[in-house]
Amino acid sequence: MPSASPVSLLKLNRIWDVIILALAFFFVFLAFSVVQNMASTVLPSGEVAFPALGTLYLAFAFFNLFGAAPLVDRIGTRPAMFFATLTYTLFDASNVGAMLMVGNVGHQLALLIPASLLIGAGAAVLWTAQGSYVIKCATKETIGRYTGVFFGIMSASNMVGPLFTGALLQGNVNKEDAFKILTGLGALGPLIIVIFIWGMRAEPSNPEASPMLPQASVEQDKTPMMLKAFKLVISKEMLMIAPLVYLSACEQTFNTGSLPLFINTGSPSEDLRSKLYLSAAYGAALTITSFVIGPITDWVSNPTLIIAVDAIAHLAALIALWVHPSPMNNLALLYPCSIVVAMSDATLLNQAYKLVAGLFPANPTAYAAYKFHSAGAIGIFFFTSKSMLNSSGAPSMAIWTPLLIVMFVLAVGTTHLVSRDIEWKKGSREGETVVLDINANESGLGILKTSESGIVGNESDELVYTQVPSK
């Protein structure tokens, strides 16, 4: 393959593409975050909300493993993101329709289950395409900044969405109309993508758009993508990470679906506002922690220690909910607990991604396998959440707390075993350079070659990972 010609970094700088894409995702998840987090409040939790959300995440797991990447390869990242975001708008609208079918569980399920299957497929396509698009917009000098900008803008939706909806309700807008307005705002996401990202910008797939490293050598792996992903799903390393992934999934399910059920004053409108503000506090803590946790964990470089400390803080919050004589409607207790659990969510997600990067360096297929475990676990936890409610409809902490204690113990143990073979160190300016296939397909699945020692030094002094042979 001919060497990539030198290109000005200014010419390659597509930060505004990433910012515009992040803005589109902001609107999509402005609506979706509220719809998902408030589903157990505005719909019958056990009969409708939990089964619908469980179906969504199981479909996400299935399509992420067996369909997303080939589809993105075929149609390109921009149209893939447009059509995928439309499934979010349809799901939001379906929830509004279900809210209008008060008392008719059968019709609500008939509307929401197909919508959940569709958005599950859409989510798998969306995140595959998003990752590829951002990577192709960046160079090796800018990928970290571009990713941080994207998720910083998008994550703000977890705070703004609940606050905006709460303000609507405070202004005497009924919940059905409030969710209709949210659905309309969410539809701005696909509109931004189709006009600006798809309509006005070229697909960043040419060599100038993704010369992560010059003089790349091409090595195409002919193994079918689905088979590679499945092999990774059941690989020893991925199964060792699985307890941490399942722990993170359990936390997310508890926070988004069950924790809000501790608010029940008998006034539906007041309860919904209180839950929205609780969700906004969670979103703010999640966003801030996501920004600051990376440098901290890079400095500590000990996943076992990080997860153990995280466990102490998280379990203290859960035990407080368990032993407190009156946790119902106790906002002075619920707000700190929600913030602590949000910080824990961000920390665990950070460590899960770092372990995947350390064990499967530069292997995008590994992230498909990881998301299969994560989304599948979230789906199962949503389906079983009904059985973890007490007689008053609140979460039974006598079930949740011991469950999470066991999962934390397993996660700490397996993380220790799997991470001891990873050497976390700063990159060196010397040595063999990682070689990236810049002719990667549309989903960004290229082959990385490394030296025999694993991932080696880079020129930006970023944290890199080296696999150390077991003794």
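Everything here concerns the structure above.
Anyway, here's the lowdown on the structure attached to this text. (Residues numbered from 1 in each chain as written. Predicted model: local features only at pLDDT ≥ 70, side-chain atom pairs only at ≥ 80, totals over all residues. Heavy atoms only, no water.)

1. Notes on the overall build of the protein chain
Point 1. Secondary structure summary: the protein chain contains 18 helices and four strands in total.
Point 2. Expressed as a percentage of its 471 residues, the buried residues of the protein chain come to 55%.
Point 3. Put simply, 85% of the contacts in the protein chain that link residues at least 6 apart link residues at least 24 apart.
Point 4. In the structure as shown, the protein chain presents an accessible area of about 19700 Å², 66% of it carried by carbon and sulfur atoms. (Helix = DSSP H or I, 4+ residues; strand = E, 2+ residues; numbered from the N terminus. Buried < 20%, exposed > 50% of the residue type's maximum accessible area, 1.4 Å probe, protein only. Contact = heavy atoms within 4.5 Å. Areas by Shrake-Rupley, 256 points an atom, 1.4 Å probe, with all protein chains shown as cover.)

2. Some points on the packing of helix 10 (residues 175-186) against helix 11 (residues 188-198)
Point 1. It is at 4 Å that the axes of helix 10 and helix 11 come closest, and there the two elements cross at 15°. When the axes of helix 10 and helix 11 are compared, the pair comes out roughly parallel. Together, Gly184, Leu185 and Gly186 of helix 10 and Leu188, Gly189 and Pro190 of helix 11 make up the contact between the two elements.
Point 2. For the contact of helix 10 with helix 11, the class distribution of residues is three nonpolar, three polar and no charged. (Axes fitted to C-alpha atoms, helices over the stretch in contact; angles between N-to-C directions. Parallel < 35°, antiparallel > 145°, perpendicular 65-115°, else oblique. Nonpolar A, V, L, I, M, F, W, Y, C, P; charged D, E, K, R; others polar.)

3. A short note on helix 18 (residues 397-419)
Point 1. Over its 23 residues, helix 18 runs 31 Å from end to end, which matches the ideal 33 Å to within 8%, given 1.5 Å per residue.
Point 2. Where helix 18 is concerned, the buried positions are Met397, Trp400, Thr401, Leu404, Met407, Phe408, Ala411, Thr414, Thr415, Val418 and Ser419. (Expected span 1.5 Å × (residues − 1).)

4. Some thoughts on the pattern of salt bridges
Point 1. Enumeration according to the criterion identifies three salt bridges in this entry.
Point 2. Across the salt bridge formed by Glu47 and Lys386, the nearest N and O atoms sit 4.0 Å from each other. Taken together, the residues Glu47 in helix 4 (residues 45-66) and Lys386 in the loop between helix 17 (364-384) and helix 18 connect sequence positions 339 residues apart.
Point 3. Taking the relative accessible area as the measure of exposure, Glu47 reaches 39% and is therefore partly exposed.
Point 4. Overall, Lys386 belongs to the partly exposed group, its relative accessible area being 43%.
Point 5. Of the charged contacts, one joins Asp177 and Lys180 as a salt bridge, the two residues approaching to 3.8 Å between their closest N and O atoms. Of this pair, Asp177 and Lys180 both sit in helix 10, three residues apart, which is roughly one turn of the helix. (Salt bridge = Lys/Arg side-chain N within 4 Å of Asp/Glu carboxyl O.)

5. Here we look at unusual backbone geometry
With the exception of glycine, the majority of residues adopt a negative phi angle, and the majority of peptide bonds are in the trans configuration.
Point 1. Despite not being glycine, Asn172 has its phi angle at roughly 70°, a positive value.
Point 2. Mapped onto the elements of the fold, Asn172 is located in the loop between helix 9 (157-170) and helix 10.
Point 3. According to the relative accessible area criterion, Asn172 is exposed, its value standing at 73%.
Point 4. Even without being glycine, Asn329 reaches a positive phi, approximately 60°.
Point 5. Its location among the elements puts Asn329 in the loop between helix 15 (303-323) and helix 16 (331-359).
Point 6. Judged by its relative accessible area of 32%, Asn329 is partly exposed.

6. Topic: the environment of Ala242
Point 1. Tracing the backbone through its elements, the reader meets Ala242 in helix 13 (residues 236-258).
Point 2. Between the C-alpha atoms of Ala242 and Thr415, which are 173 residues apart in sequence, the distance is 9.4 Å.

7. Some words on the environment of Leu43
Point 1. By the secondary structure assignment, Leu43 is in the loop between helix 3 (39-42) and helix 4.
Point 2. Given the relative accessible area of 4%, Leu43 is considered buried.
Point 3. Residues Leu43 and Ala98 lie 55 residues apart in sequence; the distance between their C-alpha atoms is 7.7 Å.
Point 4. Setting aside residues no more than four positions away along its own chain, Leu43 makes contact with Val48, Ala49, Asn95, Ala98, Met99, Gln108 and Leu112.

8. Topic: a nonpolar patch on the surface
Point 1. A contiguous nonpolar surface patch, about 460 Å² in accessible area, is contributed by Phe62, Phe63, Phe66, Phe230 and Ile234.
Point 2. A per-element tally of the nonpolar patch places helix 4 first, with three residues. (Patch = residues over 30% accessible without salt bridge, like charges linked within 9 Å, V, L, I, M, F, W, Y side chains within 5 Å.)

9. Details of the packing of helix 2 (residues 15-37) against helix 11
Point 1. Two elements in contact, helix 2 and helix 11, have axes whose closest approach is 7 Å; the angle formed by their N-to-C orientations is 160°. By the angle between their axes, helix 2 is roughly antiparallel relative to helix 11. Two secondary-structure elements touch here, helix 2 through Asp17, Ile20, Leu21, Leu23, Ala24, Phe25, Phe27 and Val28 and helix 11 through Leu188, Gly189, Pro190, Ile192, Ile193, Phe196 and Ile197.
Point 2. Along the lines of polarity and charge, the residues of the contact of helix 2 with helix 11 split into 13 nonpolar, one polar and one charged.

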